[in-house]
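# Inside the fold
In case you want the letters, here they are:
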Amino acid sequence: MFASLLFCLAPGTPALAQSQTAPLAAAVASAPAVFRPEATPIGEKACLGCHSQENLHYSDTLHAKAFRSNPRNERERLVCEACHGPGSLHAKDTQNKDLIIGFTKGWDTPVARQNESCLGCHKGGNRLHWPGSVHAGNQLGCADCHNPMQKVSTNSLLARNTINEVCSRCHQQQRAEFNKRSHMPLPEGKVSCVDCHNPHGSTTRPLLKADSTNNVCFSCHAEKRGPMLWEHAPVRESCTNCHSPHGSNHDKLLVASRPQLCQQCHSPSVGHPNNFFRANQTAGAGQLPGGATSQRMVGRSCQNCHVQIHGSNHPAGARFQR
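Presented here is an overview of the structure given in this document.

We now examine the pattern of salt bridges. Enumeration over the complete set of coordinates arrives at 10 salt bridges. One continuous salt-bridge network, built from bridges that share partners, spans R36, E38, D98 and R113.

So, about the environment of W130. Looking at the element boundaries, W130 is found in the loop between α9 (111–119) and α10 (134–137). In sequence terms W130 and T203 are 73 residues apart; their C-alpha atoms lie 9.9 Å from each other. The contacts of W130, once residues within four sequence positions are left out, are N115, L119, H135, A136, L140, P199, H200 and G201.

Our next topic: the nonpolar core. Among the nonpolar cores identified, the biggest contains eight residues, and these are C47, Y58, A64, F67, L78, V79, C80 and A82. Looking at this core, the elements with two or more residues in it are α5 (62–69) and α7 (80–84). Other than its neighbours up to four places away in sequence, A82 contacts F35, F67, R75, E76 and S117.

For α9, the set of buried residues is R113, Q114, N115, S117 and L119. Residues of α9 that are buried make contact with α6 (74–77), α7 and α11 (142–145).

Turning to unusual backbone geometry, a few remarks are in order. The omega torsion across G226 and P227 is 10 degrees, close enough to zero to call that bond cis. Phi is positive for D108, close to 65 degrees, though the residue is something other than glycine. Topologically, D108 is positioned in the loop between α8 (88–92) and α9. A residue is classified by how much of its surface remains accessible, and D108, at 58% relative accessible area, is exposed. Non-glycine residue S156 carries a positive phi angle of around 70 degrees. By relative accessible area, which is 46% here, S156 ends up partly exposed.

Right, let's get into the side chain of N214. With respect to the secondary-structure elements, N214 resides in helix α14 (residues 213–218). Relative accessible area serves as the criterion here: at 7%, N214 is assigned to the buried category. Of the polar contacts made by the side chain of N214, one reaches the backbone oxygen of R236; its length is 3.2 Å. If we skip the residues at most four places from it in the chain, N214 touches V235, R236, E237, S238 and C239.

With that settled, the discussion passes to empty space enclosed by the protein. Considering all chains together, one arrives at two cavities of 30 Å³ or more under this definition. Space inside the largest cavity adds up to approximately 80 Å³. If you go around the largest cavity, the residues you meet are N214, F218, K224, R225, G226, M228, E231, H232, V235, R236 and H310. If you list the elements that add at least two residues to the lining of the largest cavity, you get α14 and α15 (233–237). When the residues that make up the lining of the largest cavity are grouped by side-chain class, the tally is three nonpolar, four polar and four charged. Each pocket or cavity is described by its volume, and for the second largest cavity that value is around 40 Å³. Residue lining of the second largest cavity: V34, F35, R36, H84, G85, P86, L99, I100, I101 and R113, and that is the complete set. Within the lining of the second largest cavity, the residues separate by chemical class into six nonpolar, two polar and two charged.

Thresholds applied
- Residues numbered from 1 in each chain as written.
- Predicted model: local features only at pLDDT ≥ 70, side-chain atom pairs only at ≥ 80, totals over all residues.
- Heavy atoms only, no water.
- Salt bridge = Lys/Arg side-chain N within 4 Å of Asp/Glu carboxyl O.
- Helix = DSSP H or I, 4+ residues; strand = E, 2+ residues; numbered from the N terminus.
- Contact = heavy atoms within 4.5 Å.
- Core = buried A, V, L, I, M, F, W, Y, C linked by side-chain atoms within 4.5 Å.
- Buried < 20%, exposed > 50% of the residue type's maximum accessible area, 1.4 Å probe, protein only.
- Polar contact = N/O pair within 3.5 Å; in protein donor to acceptor, adjacent residues only side chain to side chain.
- 1 Å grid on protein atoms, 1.4 Å probe; cavity = no way out; pocket = protein on both sides within 12 Å on 5 of 7 lines; lining within 4 Å.
- Points joined across faces, edges and corners; volume = space filled by probe spheres on them.
- Nonpolar A, V, L, I, M, F, W, Y, C, P; charged D, E, K, R; others polar.

Geometric values such as these leave the question of function open.
Laid out in structure tokens, this is it:
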């Protein structure tokens, strides 16, 4: 089979055969530089002669349907060789891993070479900032998150069933935070990691989908955006000053419980209701003989009075009380 296919590409072929292989040669010439220039296409049938098992999974993918049924250009008409590169040299020496691009860990193709093959088609758009991103800098390959050879997910050809499962394989700390008492509704399926982050790169180090943390939060919490007549400086600076974006064991994703969170900036002042004055006004007072937990401790929160803590538009709201 290989001999007959290679014969069609040899010099001296009839004019009809040459006219059929000319577009393939043009496709190879315009392919990414990672493809070996001395190799030539041998056709999908030659690949399937050895890789029939892979084809059983690949046939159901979006790539297979697009390349086989509605290719946009000559490169996509190559099907297997559109991504793996021309296979003539690989067919002659299948053990030499340098003759073809492999997207598995065992094949040892350099990550940069793998990614360049993918970016030959998937360049620009939300991948505009991929070069220089945290993921690219950590040598993350497209195939670490995507599986173009098997339909595992409903969209995006992911390596796991959902985007969240793909991200949590590396981001174990964030996965644990989503299991805390107060968390973003990601485990419930109401949001996903890509609602806030662009895994393919952005202008920010955390790969946010906006230029700042606040702009990401404001996309859902528009009522906190302002501008406000009376602004709370920590709120204006960053939402993460007070909130943990993934999850917390404190109410409302807070990084600490109230009033301790507020007292990190606002040290207690004499006569202010947030002070403890006697030993029987603490949380442990109820454990003393004849003691009871003070009402000053129950429901003790700065927001009992300062209800508009994110900012106020009321003329008398300088202390965020209205």
